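# A closer look at the structure
Chain residues, written in single-letter form:
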Amino acid sequence: MSGDPSAVEVRGVVKRFAGNLALDDVSLVIPAGQLHAIIGPNGAGKSTLFGVIAGEHRPDRGTVWVAGRDVTRIAAHRRVRAVGVARAFQVARIFPEMSVRQNVAAAVIAANGSARQFWRVKPLRVASVVADEALERLSLVPVAGRPARALSQGDRKRLEIAMALVLRPRLLLLDEPTAGMSPEETAATVELIRGIWSLGGLTVMLTEHDMQVVFDLAQQLTVMDRGHVLCSGEPETIRGRDDVREIYLGRAHGAA
Ligand SMILES: Nc1ncnc2c1ncn2[C@@H]1O[C@H](COP(=O)(O)OP(=O)(O)OP(=O)(O)O)[C@@H](O)[C@H]1O
Ligand SMILES: [Mg+2]
């Protein structure tokens, strides 16, 4: 084999929550550098899959490799540094009373917490320079001084992306990055994600219910339903499949 290892390889992953089978023998491979969308109806297992890749959930069975390394037993906070995984959540996880800039600076400090030599230099100054770059890139400078709780839904999602980017990830997981956004905010976020990705060196996985966003952005899609991977492929191929259409029309749910 030549070239880079896959960005993500998931083999035979099973994840139960109190008897509820969220992932039922899930396998998939995502090549390095790809912009890949995971789609599927509510409860399909998309967020759980991200949790397993990021290390938030340990699978009951199966193996997860990131950048060629078996990370199945590596804890989430160590996975960031070990293989460069960063995740933005479906519901933004931020410190509501802190300003937008402080939130991003806190993420920078958390990301570098154990790199002692680095931080012996001027920790706070370095954190604020890195934070300001991220604020600039995510167009958050105008709201940088506001408490995070006062942000619009769109700004809040962008803040989460900024907090993920300061981890300098190789693999960025975005869980419904445009949820709750206006059409204008959605279009801006699509451009933003494309812009970040096109700088190179980054694999992006995203989940999304807005099919326009999916077809605008993704090079490849994986469709999930009730804990299974139904199919993977290029957007045009997936769009034409009857079984995918059926899932989205809800017909598949009544079936045994
Ligand atoms: N922490 C948890 N505890 C118990 N059950 C959970 C937990 N997280 C997910 N589940 C269950 O696992 C299944 C998959 O959920 P998941 O959130 O991964 O779906 P999803 O595809 O992300 O859905 P959505 O599109 O609504 O975000 C669902 O049945 C859900 O209720
Ligand atoms: Mg979800």
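Now for a look at the structure at hand. Note that the structure is predicted; figures quoted are calculated from it, not measured.

This paragraph deals with the sheet that holds strand β4 (residues 61-66). The strands that make up a sheet pair up through hydrogen bonds in the backbone, lying either parallel or antiparallel. Sheet architecture is open: four strands sit in the order β2-β1-β4-β5, paired in antiparallel fashion. In the strand order of this sheet, the two ends are held by β2 (20-30) and β5 (69-70), each with one partner. Sheet topology note: the strand β1 (residues 8-17)/β2 ladder contains eight bridges and is antiparallel. Counterpart to Phe-17 in the pairing with β2 is Asn-20.

Our next topic: the packing of aromatic side chains. Applying the stated criterion to the full structure yields zero aromatic pairs. Taking the ring centre of Phe-215 as reference, the NZ or CZ of Arg-239 above it sits at 4.0 Å.

It is worth spelling out the site of ligand 1 at this point. Taken together, 14 residues sit near ligand 1, with Asn-42, Gly-43, Lys-46, Thr-48 and His-209 positioned nearest. Ala-44 is positioned with one of its backbone polar atoms (N or O) 3.2 Å from an oxygen atom of ligand 1. Glu-176 has a polar side-chain atom sitting 3.5 Å from an oxygen atom of ligand 1. Relative to its unbound accessible area of 630 Å², ligand 1 is 64% covered by the protein chains. For the shell around ligand 1, the elements supplying multiple residues, two or more each, are β2 and α1 (46-54). Counting residues per element, the shell around ligand 1 draws most heavily on α1, at three residues.

Tracing the backbone through its elements, the reader meets Ala-32 in the loop between β2 and β3 (35-39). Judged by its relative accessible area of 40%, Ala-32 falls in the partly exposed class. Each C-alpha atom of the pair Ala-32 and Ala-7 lies 4.3 Å from the other, and the pair is 25 residues apart in sequence.

Attention now moves to the sheet that holds strand β9 (residues 220-225). Read across the sheet, six strands follow the order β6-β7-β8-β3-β9-β10 without closing on themselves; strand pairing throughout is mixed. Looking along the sheet, the strands with just one partner apiece sit at the ends: β6 (85-88) and β10 (228-233). For this sheet the average axis-to-axis angle between neighbouring strands, irrespective of direction, equals 15°. Pairing analysis gives five bridges linking strand β7 (residues 171-175) to strand β8 (residues 203-207), with the strands arranged parallel. Opposite Leu-174, over in β8, you have Leu-206 as the bridge partner.

The rules we used
Residues numbered from 1 in each chain as written. Chains lettered and ligands numbered in written order. Predicted model: local features only at pLDDT ≥ 70, side-chain atom pairs only at ≥ 80, totals over all residues. Heavy atoms only, no water. Pairing = 2+ DSSP bridges. Helix = DSSP H or I, 4+ residues; strand = E, 2+ residues; numbered from the N terminus. Phe/Tyr/Trp six-rings, centres within 6.5 Å; stacked < 30°, edge-to-face > 60°. Lys NZ or Arg CZ within 6 Å of the ring centre and 35° of its normal. Near = heavy atom within 4 Å. Polar contact = N/O pair within 3.5 Å; in protein donor to acceptor, adjacent residues only side chain to side chain. Areas by Shrake-Rupley, 256 points an atom, 1.4 Å probe, with all protein chains shown as cover. Buried < 20%, exposed > 50% of the residue type's maximum accessible area, 1.4 Å probe, protein only. Axes fitted to C-alpha atoms, helices over the stretch in contact; angles between N-to-C directions.

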